[in-house]
Amino acid sequence: MSLSVDTHLMPPMIPAPPSDHDAERCLLGGCLHDSVLIDELLLPLPDDAITDAVIRACMLGLQQLRLRGLEPDALALWQHLQQQGTAVSLAVLTDALECTPRNAGLTRYYAERVRESWGRRRFAVLSQQLATAAYRGVPVGDLLHTTQQTMQAVQETTQDQGHVVALGTSAEQVWQSLQRGTVPGIATGFRDLDALLGGWHAGDLSILAGRPGMGKTAVALACACIAQRGIPVFLASLEMGHLQLTQRLLAQQAQVNGQALRLHTVPAADLSRVAAAVATLTTWPLALYDCPGVSIGRLRAVVQTWRARISGPALIIVDYLQLMRPDGSRRDGNRVLEIGEISSGLKHLAREMAVPVLALSQLSRAVESRTSKIPVSYTHLTLPTNREV
């Protein structure tokens, strides 16, 4: 018995999601900067993950050279491709190098974007195949089998599997850091804090917690002053606008009364110091993100754009944690779980961007009513005293 199909009821063909050519080019540039990433990021990629034919040929050439035990650079790759008869301009390779900072964490981010794009294309193709097969009367069991196979392949490819590092490589990095004899991380600007923490470390999430009015933002702005040493700083403010933060930084830098600066009553004798402070602040690589009620997902997207423009050590500051919103995956009113999800998101952001993150946190004034101000337990410190707004 033949199956009659009403073509008018068939779903329209939906084009596959567009490919992420920028991520593909930046992934190539990152692997040219650091050939060790070829083993970690390129070899596990599916054959059809790279859609640009020229970039795919370059990726294949990198893998071939790497399998020979070489550490290829742009010139070696170009010569290898020429020998194989693959017409690739050297400008393609230099463009990939120039558009990608020398940062392993950022290269891993571009690899994740490539995997995500590949996964969306697989699901788009699967949806079309399932729709066509369903209208042709293919058994449900076969449809389920095809779906499960695709889902397993996408899950295995897109899941973050981490990366393997030889112990000898890590030991050598520790030894080189020890020989430098300086603060291992980014110096905070506070001598006692550096002695305690060893500076800000890439991938770390630090929490600066205190009751309202205790000066958390002032300390955060003091930490942001590492920008005067040329270290990029990203300050996300959920409580104050960017003009308020700038006024506080100006008052701090010019050593004038902050209230007078805010009310425009600065004495004429101090205006020259304010003008000098303005000229100084304009040279700082400090980005202010005025973002009331931002979600962790939105913050991650903005930080990724900012991070793509810079290279080297940097610092991210979030003021403050309780004013952030969870992503759409959790909005059930349980603030303890929501704050936990936001904290996990900030930690993941620190690891992914390979930068330290300093998050401010508001504590409750309830401790002032206790005779002893010492936290009675870890649970009491982290949950009941956590102030929800």
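Residues numbered from 1 in each chain as written. Predicted model: local features only at pLDDT ≥ 70, side-chain atom pairs only at ≥ 80, totals over all residues. Heavy atoms only, no water.

**Focus on helix α4 (residues 74-83)**
For step 1, the next point in the chain: Along α4, the positions that sit buried rather than exposed are Ala74, Leu77, His80 and Leu81. An end-on view of α4 places all buried positions within 130° of arc, on one side of the element.
For step 2, the next point in the chain: Buried residues along α4 sit against α1 (21-33), α3 (53-67) and α5 (90-98).
For step 3, the next point in the chain: Just beyond α4, the residue with positive phi is Gly85, at close to 80°. (Buried < 20%, exposed > 50% of the residue type's maximum accessible area, 1.4 Å probe, protein only. Helix = DSSP H or I, 4+ residues; strand = E, 2+ residues; numbered from the N terminus. Arc of directions from axis to C-beta. Contact = heavy atoms within 4.5 Å.)

**Structural notes on the confidence of the model for the chain**
For step 1, the next point in the chain: Summary statistics for the chain give a mean pLDDT of 76 and a share of 84% for residues scoring 70 or more.
For step 2, the next point in the chain: The model gives residues 1-10 a pLDDT under 50, and that stretch makes seven contacts with residues more than four places away or in other chains.
For step 3, the next point in the chain: This model gives residues 378-389 a pLDDT under 50, and the stretch forms 24 contacts once residues within four places in sequence are excluded. (pLDDT = per-residue confidence, 0-100.)

**Details of the packing of aromatic side chains**
For step 1, the next point in the chain: Per the counting criterion, the structure on display carries three aromatic pairs.
For step 2, the next point in the chain: When the ring of Phe234 is compared with that of Tyr289, the centres are 5.9 Å apart and the planes differ by 40°; the resulting orientation is tilted. With Phe234 in strand β2 (residues 233-237) and Tyr289 in strand β3 (residues 286-290), this residue pair connects regions lying 55 residues apart in the sequence. Side by side, Phe234 and Tyr289 carry an identical accessibility label, which is buried.
For step 3, the next point in the chain: Note on Phe234 and Trp306: the rings are 5.3 Å apart at their centroids and 50° apart in plane angle, and the pair reads as tilted. One end of the pair, Phe234, is in strand β2; the other, Trp306, is in helix α14 (residues 296-308), with 72 residues separating them in the sequence. No difference in accessibility class separates Phe234 from Trp306, as the two residues are buried. (Phe/Tyr/Trp six-rings, centres within 6.5 Å; stacked < 30°, edge-to-face > 60°.)

**Considerations on the pattern of salt bridges**
For step 1, the next point in the chain: Overall, the coordinates contain four salt bridges when judged by the stated rule.
For step 2, the next point in the chain: Taking the shortest distance from any N to any O, the salt bridge between Asp22 and Arg25 comes out at 3.4 Å. In this pair, Asp22 and Arg25 are both assigned in helix α1, three residues apart and thus about one turn of the helix distant.
For step 3, the next point in the chain: According to the relative accessible area criterion, Asp22 is partly exposed, its value standing at 43%.
For step 4, the next point in the chain: A salt bridge links Arg25 to Asp95; the shortest N-O distance between them is 3.3 Å. Remark: Asp95 occurs in helix α5 and Arg25 occurs in helix α1; sequence separation between them is 70 residues. (Salt bridge = Lys/Arg side-chain N within 4 Å of Asp/Glu carboxyl O.)

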